[in-house]
Amino acid sequence: MKQALILGLGGLMLAGVLPLVANAGDAENGRKVASMCRTCHGLDGYAQIPIAPHIGGEPTAYLEAQLIAFKTGQREHEMMSIVTAGLSVQQIADVSAWYGAHQARATLPEGVNAEDAPQNCVSCHGADGISVLLDAPNLTGETNIYIDTQLKAFKRGNRQHEIMSDVAAALSDTEIREVADWYAAVTLEILPPEE
């Protein structure tokens, strides 16, 4: 998966969409960029509205890849496509570093066993919703509306992903809601970057 991301970004660079050299992200500069993200995602990455994902503590590489996908039109969203169009590749790297520097912690509800987590999801997203892969998002504490919407977008082909499209296509709407309810019930805590 990581190789596919690197190859995809490399292809964009060769096509002239992105500069050939991007500096590593600077989290402190990213904090400044995050001021425009705070209305939906919060300055710490804890979403302020139910249709926006929590992004604090997400893997930096995942965040950067998603922002580049919005910027290049590979992924479309009425707000994110506009926001990313105005960001430089360096600003994307910086804001990704800022949110990625946070730490996401998950707590399963009282009396709930990790073994009961949706089995189609745990190998990438973990039983508690903390991603076990660098290119998969955390699902901890996302609203069930958000998770349901994203899974149905994969199922219907509105979003494309080499793994998620097939996984979602095999799920019924009832199973999608069960997955959404599972991860929505997990408590998310986002801790600030370490000094």
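Residues numbered from 1 in each chain as written. Predicted model: local features only at pLDDT ≥ 70, side-chain atom pairs only at ≥ 80, totals over all residues. Heavy atoms only, no water.

**What to know about the side chain of Arg159**
In plain terms, the rule: The way it works is that DSSP assigns letters per residue, a run of H or I at least four long becomes a helix, a run of E at least two long becomes a strand, and they are numbered from the N terminus. Throughout this description, buried means an accessible area under 20% of the type-specific maximum (1.4 Å probe, protein chains only), exposed means over 50%, and partly exposed covers the range between. Residues scored as positive are Lys and Arg, those scored as negative are Asp and Glu, and His as well as the terminal groups of each chain are ignored. One speaks of a salt bridge when a side-chain nitrogen belonging to Lys or Arg is within 4 Å of a carboxyl oxygen belonging to Asp or Glu. In this analysis, two residues are considered to be in contact whenever any of their non-hydrogen atoms come within 4.5 Å of each other.
If you trace the backbone, Arg159 turns up in the loop between α8 (144-156) and α9 (164-169). Of the buried charged residues, Arg159 lacks a salt bridge, with Glu142 as the closest side chain of opposite charge at 10 Å. Not counting the four nearest positions on each side in its chain, Arg159 is found in contact with Gln66, Arg75, Gln150, Ala153, Phe154 and Ser165.

**Thoughts on the packing of α8 against helix α10 (residues 173-184)**
We count it as follows: Orientation is described by axes fitted as lines to C-alpha atoms, over the contacting stretch for helices, and by angles from 0 to 180 degrees between their N-to-C directions. By definition, any crossing whose near helix is turned counterclockwise from its far helix by less than a right angle is left-handed, and any crossing with a clockwise turn is right-handed. Under the convention adopted here, Pro, Cys and the residues Ala, Val, Leu, Ile, Met, Phe, Trp and Tyr are nonpolar, Asp, Glu, Lys and Arg are charged, and Gly plus all remaining residues are polar.
Axis separation between α8 and α10 bottoms out at 8 Å; the angle between their running directions is 140°. Along this stretch, α8 crosses α10, giving a crossing that reads as right-handed. Contact residues: Asn144, Ile147, Asp148, Leu151, Lys152, Lys155 and Arg156 in α8; Asp173, Ile176, Arg177, Val179, Ala180, Asp181, Tyr183 and Ala184 in α10. Residues that form the contact of α8 with α10 fall into these classes: seven nonpolar, one polar and seven charged.

**Concerning the packing of helix α4 (residues 60-72) against helix α6 (residues 89-100)**
Angle between the axes and distance between the axes: these two values describe a pair of packed helices. The geometry of α4 relative to α6 is characterised by a closest axis approach of 8 Å and an angle of 145° between their N-to-C directions. Relative to α6, α4 is oriented so that their crossing is right-handed. Between α4 and α6, the contacting residues are Thr60, Leu63, Glu64, Leu67, Ile68 and Lys71 on the first element and Ile92, Ala93, Val95, Ser96, Ala97, Tyr99 and Gly100 on the second. Grouping the amino acids of the contact of α4 with α6 by side-chain chemistry returns eight nonpolar, three polar and two charged.

**A look at the confidence of the model for the chain**
Stated formally: Each residue carries a pLDDT score, the predictor's confidence in it, ranging from 0 to 100.
Counting all residues, the mean pLDDT for the chain is 90, and 89% of those residues have values of 70 or more. Low pLDDT, under 50, characterises residues 1-21; the predicted model gives this stretch 21 contacts beyond four residues in sequence or across chains.

**Things to note about the pattern of salt bridges**
For the coordinates displayed, the defined rule picks out three salt bridges. Between Asp173 and Lys155 there is a salt bridge, with the nearest N and O atoms lying 3.5 Å from each other. Of the two residues, Asp173 is situated in helix α10 and Lys155 in helix α8; the sequence distance between them amounts to 18 residues.

**Digging into the nonpolar core**
For clarity, the cut-off: For our purposes a nonpolar core is just a set of buried Ala, Val, Leu, Ile, Met, Phe, Trp, Tyr and Cys residues, chained together by side-chain atoms within 4.5 Å.
By size, the foremost hydrophobic cluster in this structure holds 16 residues, and its most contacted members are Ile147, Leu151, Val179 and Tyr183. Contributions of two or more residues to this core are made by α8, α9 and α10. Ranked by the residues each element gives to this core, the list is headed by α10, at five residues.

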